[in-house]
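# Overview (structure and organization)
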Amino acid sequence: EAELGDEPGPPRWPDGIAVRTFEIGRDAPACHALQNLAWAQYKTYEPMSFERWADLLREPDFDPSLWFLAEDGERLAGMCLCREYEDQAWVTSLGVDPEYRGRGLGEALLRHAFARLRARGAARVGLSVSSRTTPSAWRVYEHVGMRDAGGDFKHDPDDRIDVVVLFEPRTN
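Note that the coordinates shown come from a computational prediction; the quantities given were computed from them, not determined experimentally.

For the structure on display, the rule yields 14 salt bridges. For E59, the salt bridge goes to R83, with nearest N and O atoms at 3.3 Å. Of the two residues, E59 sits in the loop between α2 (50-54) and β2 (67-72) while R83 sits in strand β3 (residues 75-84), which places them 24 residues apart along the sequence. Taking relative accessible area as the criterion, E59 reaches 34% and is therefore assigned partly exposed. When its relative accessible area of 3% is taken as the criterion, R83 is described as buried. Residue D63 pairs with R120 through a salt bridge whose shortest N-O separation is 2.8 Å.

This is how it looks when you write it as structure tokens:
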């Protein structure tokens, strides 16, 4: 858990990057492709078919206003897909195109999502990550105030999923 005060801190976007929300009928193919590309380095990740990925758009808690896309011109460089649940918000997918990594885009996306979720009343935001997540990804999470909340869920026999609480604003 982390207490970050009333605001999670403003995002600092890399040069040339613009952020917007998901548009139904326009963005699904690019988001699907980016998720498969961004997560391909993980041994336990199995690429999703477009049909399976598109099921996310039909889930009752799907809200395109919580799916944040970072673009460099017409190219999708990163995405942070979020959901709200009764007790907290959740980052369901954070992905950055490998060509855009190391520029602060993942951090900017998280900070942007935190601010939007906070504005909507979220007091707590979670994210599940594999214990095999790269050290650079963990550094991003820690830099924005996340810490391991001690969760331990079995995803498959060879992988442990750790739950990370992203932020819990102070209540005065």
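Picking up where we left off.
In this structure, C80, C82, V91, L105, L109, L110 and Y141 are the most contacted members of the largest nonpolar core, which totals 26 residues. Where this core is concerned, the elements lending two or more residues are β2, β3, β4 (89-96), α3 (105-119), β5 (125-130) and α4 (135-143). For this core, the element with the most residues is α3, which contributes six residues. Those residues in contact with L109 that sit more than four places away from it in its chain are W13, F68, A70, G78, M79, C80, L94 and V96. Formed by 14 residues, the second largest nonpolar core is a distinct cluster that contains F62, L69, L76 and M79.

This part is about helix α1 (residues 28-39). Helix length check: α1, at twelve residues, gives a terminal C-alpha distance of 17 Å against a target of 16 Å (1.5 Å per residue), a fit within 8%. Every buried residue of α1 is accounted for by A28, C31, H32, L34, Q35, N36 and A38.

On to the packing of aromatic side chains, then. Summed over the entire model, instances satisfying the criterion amount to five aromatic pairs. Ring pairs connect the aromatic residues F22, F50, W53, F62 and W67, which therefore count as one cluster.

So, about the side chain of R20. As for its placement among the helices and strands, R20 is situated in strand β1 (residues 17-21). By relative accessible area, R20 is classed as buried at 18%. A polar side-chain atom of R20 sits 2.6 Å from a polar atom in the side chain of D27. Among the polar contacts made by the side chain of R20, one reaches the side chain of E71 at a distance of 2.9 Å.

Here the focus is the confidence of the model for the protein chain. For the protein chain, per-residue confidence averages 81 on the pLDDT scale, and residues scoring 70 or more make up 76% of the total. In the predicted structure, residues 1-5 sits below a pLDDT of 50 and forms 18 contacts with residues beyond four places in sequence or in another chain. Long-range and interchain partners of residues 167-172, a stretch whose pLDDT sits below 50, account for 22 contacts in this model, where long-range means more than four residues apart.

Turning our eyes to something else, we now look at the environment of L109. As for its placement among the helices and strands, L109 is situated in helix α3. Taking the C-alpha atoms as reference points, L109 and W13, separated by 96 residues in sequence, lie 8.3 Å from one another.

Here is what the cut-offs are and how they apply
Residues numbered from 1 in each chain as written. Predicted model: local features only at pLDDT ≥ 70, side-chain atom pairs only at ≥ 80, totals over all residues. Heavy atoms only, no water. Salt bridge = Lys/Arg side-chain N within 4 Å of Asp/Glu carboxyl O. Helix = DSSP H or I, 4+ residues; strand = E, 2+ residues; numbered from the N terminus. Buried < 20%, exposed > 50% of the residue type's maximum accessible area, 1.4 Å probe, protein only. Core = buried A, V, L, I, M, F, W, Y, C linked by side-chain atoms within 4.5 Å. Contact = heavy atoms within 4.5 Å. Expected span 1.5 Å × (residues − 1). Phe/Tyr/Trp six-rings, centres within 6.5 Å; stacked < 30°, edge-to-face > 60°. Polar contact = N/O pair within 3.5 Å; in protein donor to acceptor, adjacent residues only side chain to side chain. pLDDT = per-residue confidence, 0-100.

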